[in-house]
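# Coordinate inspection notes
Each chain, written out:
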Amino acid sequence: MFRKRLLKKVLQQRRGGGNGGGPGGGGGGAGEVAQLDAQIALHYGVPYAASVMGFDPVQRLLAVGTLDGRIKIFGGDNIEGLLISPKSVPYKYLQFIQNQGLLVAVSNENEIQVWNLEFRQLFHFSQWDVNITAFAVIEETFFMYLGDENGLLSVLKYDVDDGKLLKMPYNVTIHSLSEAAGVSLLDTQPIVGILPQPDTLGTRVLIAFERGLLVLWDITEDRAIAVRGYGDLHIKSQVSGAQTDASEHQIDNVDETEEEREICSLCWASRGGSTVAVGYITGDILLWDMTVSSRQGKQTDVSSNVVKLQLASGSRRLPVIVLHWSAGSAKDTTKGGHLFVYGGDDMGSEEVLTVLSLESSNGLESVRCASRGDLRLDGSFADMILIPDTGVPDKIRASALFVLTNPGQLNFYDGSALFSGRKSEEVYAQPEARKFPVAVPTIDPNITVTDLYSLTGTGHPSISLKKFCARQSVAPPISGNMKWPLTGGVPSEMSLKEDHAVERIYVAGYQDGSVRIWDATFPILVPMFVLDAKVSDIILDGANASVSSLAFCSLNLTFAVGTASGLVRMYKLHEHTGDSSFHFVSESKQEVHAVHHGRGFHCHVAFMASNSPVRSLRFAGSGEVLAVGYQNGQVAMFDASQLSMMFCVDCASGTNSPVVSLSIYGVVSSAAEVDQSQKETAKSGKFSTDVLLSLTKDARLTVIDSTSGLVINSHLLDQKQLSAVSMYVIDVASDEEQTQSSGDKSPSQSQTGKEQKDLDQKQAQGAETNQKKASQHSHSGDSNSLLLVCFEDEALLFYLASLIQGSNKHLHKIKLAKHCCWSAIFKNKDDKACGLILAYQTGIIELRSLPDLEILAESSLMHLLRWSYKTGMDKSMSSSNGQIAMVNGSEFSIISLIASENDFRIPESLPCLHDKVLAAAAEAAISISTDQKRKQNPAGVLGGIIKGLKGKADENANLRRSFNAQTHIELLESIFLKESSAEASIPSPDDPIEELTIDDIDIDDDVPLSPPPASSSTSHVNKKTTGWLSDAAAAAAHAKDKLMQRQEKLEAIPSPARPPAKQQQQRSRSYGQGARAMARLLLPQCCCGGLTPLPLPRRATALPPPPAAGSSRRALSLALPAGAAASRRALSLRVAVAAPTRLVTAEDDGSQAAPAQDDPSEFDPAAPPPFGLAEIRAAIPKHCWAKEPWRSMGYVVRDVVVVLALAAAAARLDSWLAWPVYWAAQGTMFWALFVLGHDCGHGSFSNNTKLNGVVGHILHSSILVPYNGWRISHRTHHQNHGHVENDESWHPLPEKLYRSLDSSTRKLRFALPFPMLAYPFYLWSRSPGKSGSHFHPSSDLFQPNEKKDILTSTACWLAMAGLLAGLTVVMGPLQMLKLYGVPYWIFVMWLDFVTYLHHHGHNDKLPWYRGKAWSYLRGGLTTLDRDYGWLNNIHHDIGTHVIHHIFPQIPHYHLVEATEAAKPVLGKYYREPDKSGPFPFHLFGALAWSMKRDHYVSDTGDILYYQTDPKIAGGAQTSD
């Protein structure tokens, strides 16, 4: 059919081709159904799983991060936006890069994301491979501090031009910091807090370590300005200046017996950063003075450095989880400010947020607590944030407080009420909390039913709605005189046009009987009016009952509201004031009341035919006749023009089954009858030959004469069905007619409404327009018209004429694989139904063609919105031609399913989350202010600020001179581009981002290059570009000269930094060849029309893609001298040429690099890959990431049944001919069970962690594997794959360790079959060189908080061992050995065999890494895929190991497809496995060969290859 082909064409254009499901299919496999190009057009409300907040003080935007990987942005004027991360992982840090439209988010999996708010896209993400424990963005810069679990302070920079994060060379290790600060630390500690000091613009930062150490660090001098911590508490007897009359929640002396304690929170507690408040796990709060210089020698008196606050007197107090500070009034110098505290109270006390008003007249020693206020929380506390008065950085007094509680509640307090109005000397009056002003109320009151109506083509009626809507305020309604503190964002350009008409409205009915209507023309809902349930001066029974059904006639703007009491109210949406009449009509009476009302729309008539709740409403004709279906199965017909009830009949045949759907159909048989019908329509507004179709939930279809109410016939469509969902009348035309119809284009008519002449013309055309559009409410068809009926588990198609004549034989029937709960029709331009939208109880949304009902595409609520389907959600779902509005708790969203002719997808229609005009104005203001300060203050822009800092003058002299010469951003960059001088830089194996360029070698000027263009892949980049070079040939020559200069500078590096002369000469020659090759590449490109943009890398670790085979573009290599300043850095050059070219360093330092090749195009497996994780992720289809618990459980059931069946068969046969076959088969099945448990450990089994844990424990315990112990060590293996020291299983032995092994240990490690029996011993004692056990909770494999998990797994293992022992007693040792013992050791061999060959045994030696050469991606690319023949499916495609190692969250049943999709990106880094026969006998040769040659690696170097011990190798050939 033409309509189906049209829909498919639209979908194929969006997904690049592809097939839908088969005809009548129930969904097919996940890989057979295309994904809908669905987008979130609109989202309102606070997400249910909200957990963390961030704020941009210049743009006045609030960001809320969730536990499921979403970020919600709130601004002013109902402007909200939803950003969804590719991974459903909680966020732990959320900070804006101020005034730049950029938001930085850090997930619990330590993925750093940069979101661009203007484009609402994820522009960059990088995986940090060490746990991030502290994070802070430096204000007014693109720099950010990052602290990790190893105590390392790192610096990142977001490069706007390249759209990526760069790791700066500057870092401070805990050891260098402790030495510089004169503090002795026995071991490493995590950094738990990073606070850039106010007024220092990021040059000073407070670093807090977990066990109490505080260090104020100056990056310009690489030294500690002040050091505080538990050590100070040990050497003083009391705190001078503590108030003797302080209450227990005020100031206490610090006991000299205080020991080191864990820091939980901290914040600055003064305007200039002289005091810091620190919250501890004990419930104490200490105020530290940070102005005194760090201790030099012995410190005799530090009593004035610290003051203790204690909120409660109990011995067991809550940890101080959150601390925030708001400065007091600038006019009152004695008033310090307000400290906000969550925690610190006694265990079991009421959950409150405490506000302490602190005053100080003369430094920290005079601090006193003036008052305390407790803000009661509405739910469980999640986060809080203070909103400053202005965006100016030094104005730190809060104007509002936002408090986030679970589930998804956001309250805010006005600052003026929060900081004023005390009841007494010590207690504040409880300020009033304001609920977040939701744009669409969903909970208070509860939303009960919704609908989305299109007004397109209805002519002049929309003008009145537009005029009324224009008078409404878009700002969120806030009670009292409070001002909404968020003003960010810019409304869409189209919505601001004065002449736009209301083309779409969204209507919601509520539990209190009210109805709200919004203008939904654009993706920002503008409130229009509220229809109150009450009628002025009239008391109606059931008037306040909840709304249960809605109907709207766009022809005459008539609106009907059905309630749970059976009352039906009707409104004419024409504004009028003054006196009018109200009519109440029932079966027994008709009342008329005179009412007086004000402006707005009001109810003019109400009907009641039954006390049963209204379930369905349907207008007929031009909107004067209304059909009503009730919960008890009755159907009534009301005539609004005559103010009468036409009839009321029972359509449920006494079963009281509710009416779920109604439809009006015009039966015509000749042209004469059609003409006569149209004449009657013009007079009375109804068709004399119309029939009313009523469908009840028990699948009964009743055909009723719409005039007389006579039942023409009644059918039970399906004897087995008790769950009908909906029905639709579909007009079917021939392909030829539809093609012709689709080709006709009617000119659009603008509705300006400015001139009376235009309005008169539209009103004159009104009757004709209404007549043409009457088919929206009553269908006039022919014998081809069909009736589609949707049930929960099937869909039926009937010839409508046959049904009316008495036949109930269906034309087409399809089974639905899932339970359907809601449906809607999608129409084309000619208002003909061409698609069916189905929503299932699993959250899947499916699009099918009409009338053949083929699956075209699908998506899911979880994928789109991270919503799970909840019971009753279908009642709040509504649709308007490809757009679905839905409600989930406090969230409201509109999803755009089809891109074709969808206004919600026009960029101009979307509100912008970043105000570029405001950003430019703010930057200009700062620039003008800076210029004025420079003129006024010869000492520098920040001279006044720096002079205000306490301390010695010489401490800030260098800083002032630096700021005088350059801006603070330039100063920071110059500092961060150098390594910290506090201690020599030591390569860390945990550096996740490495992006150093050849420009690190200092040269007078740089090659002027134009920045690359934007990319549209998953890891997006900023689209900021500048002009091209005017003379491309000159640029190429310039580049050549610069390369030669760099070669000369390398050659000039003096001894002893230079390597031996031969090596130096060889490397210099290599570099010179590289320079000449670069010039040869540049010049031809320049002469042929200018430089071509260079594709931008997606990650900081990503390199340009490799050249195609046979390309003239050559890879250039360069090696630096050992010991040179840049010897540990990878050098790269990015030039805008037609194809990317990369200069890559081969590390010296003892690395065993692969033999150098004369041909630069020779593939080097150790070279950094020219792609990033983003490219691989983008290539993998979205559905491959979906986890299907029922499918996973199906594999579990399959394997368990096979295991039990094999055991039963072997026990029954009990033949020595059968036992060997059983052992091989059962051992393989044990291995299959292990793989499923392995998926549970990775979380790829399902998204339910409890289900994963239960299934994983059952499966692994049954084969004597401690689930949690293995899971944690296997996680370590994945996080450190390819790393010589940090990898966990089958990692190489360093040469020194290898040489220390005795001969028997070497034999057990490398002589078959012993290595294939190693797994049980590994569980008990790990690999050589590592200590610990998978069974002991105190093993260094595990963290202290994982102790409970280890004990649980060990208990399960012991329980299984006990069960086996009992069975041995009952069945006998020999029988248990045959049934379980031998298969267990076969399973062990399988495990060792497979895991070893996934990392060893390739024909070409593969690299291993350590130090800075290692990265997560490079390590993952050293793994291998293997083909196991017939066994691939049995052990769940574990052979697809490369993609599994890089993305372990992908379920095993999608790994094959994901691997095929990723191969084009991986290129030569993917090594195609050798094809196997039915059984993988070919792998035994690879195993034996590897055992003879792969023995150890060097103790030095960062890129390593296995070396061979000749004593073990024997006659094996080696290439070393």
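Residues numbered from 1 in each chain as written. Predicted model: local features only at pLDDT ≥ 70, side-chain atom pairs only at ≥ 80, totals over all residues. Heavy atoms only, no water.

As a further point, take the overall build of the chain. Tallying secondary structure elements over the chain gives 33 helices and 64 strands in all. Once local pairs closer than 6 in sequence are excluded, the contacts in the chain between residues at least 24 apart make up 64%. Surface accessibility of the chain: about 62200 Å² in total, with carbon and sulfur atoms responsible for 53%. (Helix = DSSP H or I, 4+ residues; strand = E, 2+ residues; numbered from the N terminus. Contact = heavy atoms within 4.5 Å. Areas by Shrake-Rupley, 256 points an atom, 1.4 Å probe, with all protein chains shown as cover.)

Strand order in this open sheet of four strands is 6-7-8-9, and the pairing throughout is antiparallel. Each of the sheet's edge strands pairs with one partner strand only, and the pair in question is strand 6 (91-97) and strand 9 (121-127). Recorded for the sheet is a direction-independent mean angle of 20 degrees between the axes of neighbouring strands. (Pairing = 2+ DSSP bridges. Axes fitted to C-alpha atoms, helices over the stretch in contact; angles between N-to-C directions.)

It is worth spelling out unusual backbone geometry at this point. In this structure, Pro-445 follows Asp-444 across a cis peptide bond, with omega equal to 5 degrees. Inspection of the secondary structure assignment puts Pro-445 in the loop between strand 30 (434-435) and strand 31 (447-454). The backbone phi angle of Asp-199 is positive, close to 70 degrees, even though this residue is not glycine. Structurally, Asp-199 is set in the loop between strand 14 (191-196) and strand 15 (204-209). Among the residues examined, Asp-199 registers a relative accessible area of 31% and is labelled partly exposed. One non-glycine residue, Asp-222, adopts positive backbone phi at about 50 degrees. (Buried < 20%, exposed > 50% of the residue type's maximum accessible area, 1.4 Å probe, protein only.)

The next thing to look at is the pattern of salt bridges. Throughout the structure, instances matching the rule amount to 29 salt bridges. Between Glu-624 and Lys-572 there is a salt bridge whose closest N-O contact spans 3.5 Å. Highlighted residues: Glu-624 in the loop between strand 41 (614-620) and strand 42 (625-630) and Lys-572 in strand 37 (residues 567-572), separated in sequence by 52 residues. The exposure class of Lys-572 is partly exposed, given its relative accessible area of 23%. For Arg-1191, the salt bridge is made with Glu-1188, and the minimal N-O distance between the two is 3.7 Å. Given a relative accessible area of 31%, Arg-1191 falls into the partly exposed group. Under the relative-accessibility criterion, Glu-1188 is labelled partly exposed at 29%. One network of salt bridges, in which partners are shared, links Asp-68, Arg-70 and Glu-891. (Salt bridge = Lys/Arg side-chain N within 4 Å of Asp/Glu carboxyl O.)

In this section: the packing of aromatic side chains. Under the definition given, this model contains 43 aromatic pairs. Arranged with centres 6.4 Å apart and planes meeting at 65 degrees, the rings of Trp-1390 and Tyr-1428 form a pair that is edge-to-face. Residue Trp-1390 is located in helix 27 (residues 1373-1397), and its partner Tyr-1428 is located in the loop between helix 28 (1416-1420) and helix 29 (1431-1434); the two are separated by 38 residues in the primary sequence. Summarising the burial analysis for this pair, Trp-1390 and Tyr-1428 share the class buried. Through a chain of ring-to-ring contacts, three or more aromatic side chains come together here, namely Phe-1230, Trp-1231, Phe-1234, Trp-1270, Tyr-1319, Tyr-1322, Tyr-1380, Tyr-1384, Trp-1385 and Phe-1387. (Phe/Tyr/Trp six-rings, centres within 6.5 Å; stacked < 30°, edge-to-face > 60°.)

Taken in spatial order, the four strands line up as 27-28-29-30 in an open sheet, and their pairing is antiparallel. This sheet does not close on itself; its edge strands, each paired only once, are strand 27 (380-388) and strand 30. Judged from the two bridges that link them, strand 29 (residues 409-414) and strand 30 form a sheet pairing that is antiparallel. If you follow Phe-412 over to strand 30, its bridge partner there is Arg-434.

With that settled, consider the nonpolar core. In terms of nonpolar packing, the biggest core is built from 53 residues, with Trp-1231, Phe-1234, Tyr-1319, Tyr-1380, Phe-1387 and Phe-1393 touching the most fellow members. At the level of elements, helix 19 (1189-1213), helix 20 (1219-1242), helix 21 (1249-1262), helix 22 (1267-1279), helix 25 (1319-1325), helix 26 (1347-1371), helix 27 and helix 32 (1482-1493) are the ones that each hand at least two residues to this core. In terms of residue count, helix 27 provides more of this core than any other element does, eleven residues in total. Grouped together as the second largest cluster of nonpolar side chains are 38 residues, Val-52, Leu-103, Ala-508 and Leu-913 included. (Core = buried A, V, L, I, M, F, W, Y, C linked by side-chain atoms within 4.5 Å.)

The subject of this paragraph is the pairing of strand 5 (residues 80-84). In terms of residue burial, strand 5 counts as a mostly covered element, since four of its five residues are buried. Here five bridges tie strand 4 (residues 70-74) to strand 5, and the two strands are oriented antiparallel to one another. From the neighbouring strand, Lys-72 faces strand 5, where its bridge partner is Leu-82. Hairpin connection from strand 4 to strand 5: five residues lie between these consecutive antiparallel strands, with Asp-77 at a positive phi of about 55 degrees.

Taking 1.5 Å as the rise per residue, helix 26 with 25 residues should run 36 Å; its terminal C-alpha atoms sit 36 Å apart, in good agreement. Listed as buried for helix 26 are Ile-1350, Ser-1353, Thr-1354, Trp-1357, Met-1360 and Leu-1364. Among the structural elements, helix 21, helix 22, helix 25 and helix 27 are those in contact with the buried residues of helix 26. The positive-phi residue at the C-terminal boundary of helix 26 is Gly-1372, with phi of around 100 degrees. (Expected span 1.5 Å × (residues − 1).)

With that settled, consider a nonpolar patch on the surface. Side chains of Leu-1363, Leu-1367, Val-1369, Val-1370 and Met-1371 sit close together on the surface and give an oily, nonpolar patch of about 480 Å² of accessible area. Exposure remark for Leu-1367: the relative accessible area of 31% places this residue in the partly exposed category. (Patch = residues over 30% accessible without salt bridge, like charges linked within 9 Å, V, L, I, M, F, W, Y side chains within 5 Å.)

The N-to-C vectors of helix 20 and helix 22 enclose an angle of 70 degrees; their axes lie 10 Å apart at closest approach. Relative to helix 22, helix 20 is oriented roughly perpendicular. In terms of crossing hand, the pair formed by helix 20 and helix 22 is right-handed. Across the interface between the two elements, Phe-1234, Gly-1237, His-1238, Cys-1240, Gly-1241 and His-1242 from helix 20 touch Tyr-1267, Trp-1270, Arg-1271, His-1274 and His-1278 from helix 22. Split by residue class, the contact of helix 20 with helix 22 holds four nonpolar, six polar and one charged. (Parallel < 35°, antiparallel > 145°, perpendicular 65-115°, else oblique. Left-handed = near helix turned anticlockwise from the far one by under 90°. Nonpolar A, V, L, I, M, F, W, Y, C, P; charged D, E, K, R; others polar.)

The subject of this paragraph is the state of the cysteines. Evaluation of the coordinates by the stated rule reveals zero disulfides. Unpaired in this structure, Cys-648 has its nearest cysteine sulfur neighbour in Cys-651, at a distance of 8.8 Å. With relative accessibility at 23%, the residue Cys-648 sits in the partly exposed group. In this model Cys-790 remains outside any disulfide bridge; the closest cysteine sulfur is found in Cys-820, 5.9 Å from its own. (Disulfide = S-S within 2.5 Å.)

This brings us to the packing of helix 22 against helix 26. Across the interface, helix 22 lies against helix 26 with an axial gap of 6 Å and an inter-helix angle of 130 degrees. Here helix 26 runs oblique to helix 22, going by the angle between their axes. Each of Tyr-1267, Asn-1268, Gly-1269, Arg-1271 and Ile-1272 in helix 22 lies in contact with helix 26, whose residues at this interface are Asp-1349, Ile-1350 and Ser-1353. For the contact of helix 22 with helix 26, the per-class residue count stands at three nonpolar, three polar and two charged.

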